[in-house]
Amino acid sequence: LKGWSAPGAQRRSSEGRMDPTVAFDVFSGGKKYMDVDDLSCAAIAVFGTKFRKQDLRAMLAQYSPPSAPGVGLEAFRALVADRRRLLGERDRAFRMFTALDLGGRGYLDLRTFSDACSSVGRPVARRACEIFHDMDRSKTGMVTVADFEAYLSGASDLDGKTSE
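Here is a short report on the structure shown in this document. (Residues numbered from 1 in each chain as written. Predicted model: local features only at pLDDT ≥ 70, side-chain atom pairs only at ≥ 80, totals over all residues. Heavy atoms only, no water.)

**Let's talk about the side chain of T144**
Mapping T144 onto the fold places it in the loop between α8 (128–135) and α9 (145–154). Taking relative accessible area as the criterion, T144 reaches 13% and is therefore assigned buried. Apart from the residues within four sequence positions on either side, T144 is in contact with R52 and F97. (Helix = DSSP H or I, 4+ residues; strand = E, 2+ residues; numbered from the N terminus. Buried < 20%, exposed > 50% of the residue type's maximum accessible area, 1.4 Å probe, protein only. Contact = heavy atoms within 4.5 Å.)

**Some remarks on the nonpolar core**
Formed by 23 residues in total, the largest nonpolar core has its most connected members in A23, F27, M34, L39, L56, V71 and F76. Every element with two or more residues in this core is listed here: α1 (20–27), α2 (36–47), α3 (53–63) and α4 (73–89). Here the element with the most residues in this core is α2; it accounts for seven residues. Setting aside anything within four residues of it in sequence, one finds F76 in contact with P20, A23, F24, M34, L39, A42, V46 and V71. Formed by 16 residues, the second largest nonpolar core is a distinct cluster that contains F94, L100, V143 and Y151. (Core = buried A, V, L, I, M, F, W, Y, C linked by side-chain atoms within 4.5 Å.)

Note that all results are geometric; they support no functional claim without further evidence.
Now the structure itself:
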């Protein structure tokens with residue numbers, strides 16, 4: 001994203017995030033629809049974080065008209081509004097997840113999670129592998145934001161005690 005420029009691209013929020021309409025114009029390349037790669041770049045510009053391809057494909061499926069090659073401007077605006085609403089409700093968990101996502105990839109893996117835990121302190125670092133495997137609901141070796149939120153909502157502390 002560094003070095004790109006387009007008319008109106010300087011319209012950003014106070015957090016440095018791009019307006020959805022401008023993002024659509026910049027990343028659609030003049031097309032009426034954005035494909036998954038266009039959507040990935042636009043999402044980074046609007047939200048300031050990278051989404052996994054799986055999540056982007058799910059967004060395309062949800063917001064694209066049945067026979068369209070991608071998501072159009074109005075659908076993108078709706079997608080952004082819905083995601084902002086979700087992220088606003090989940091902001092604390094999302095910020096925690098983002099802090100742990102040292103590589104900025106949109107998911108946690110065991111190595112980077114362990115590294116993040118090591119920087120916090122020895123008690124957490126000793127349990128990093130166990131905590132990671134508890135969070136990895138799909139057992140793919142990757143923890144998504146949804147996995148992380150599910151773990152937080154079911155755990156009261158790092159000792160594995162669940163809330164009642």
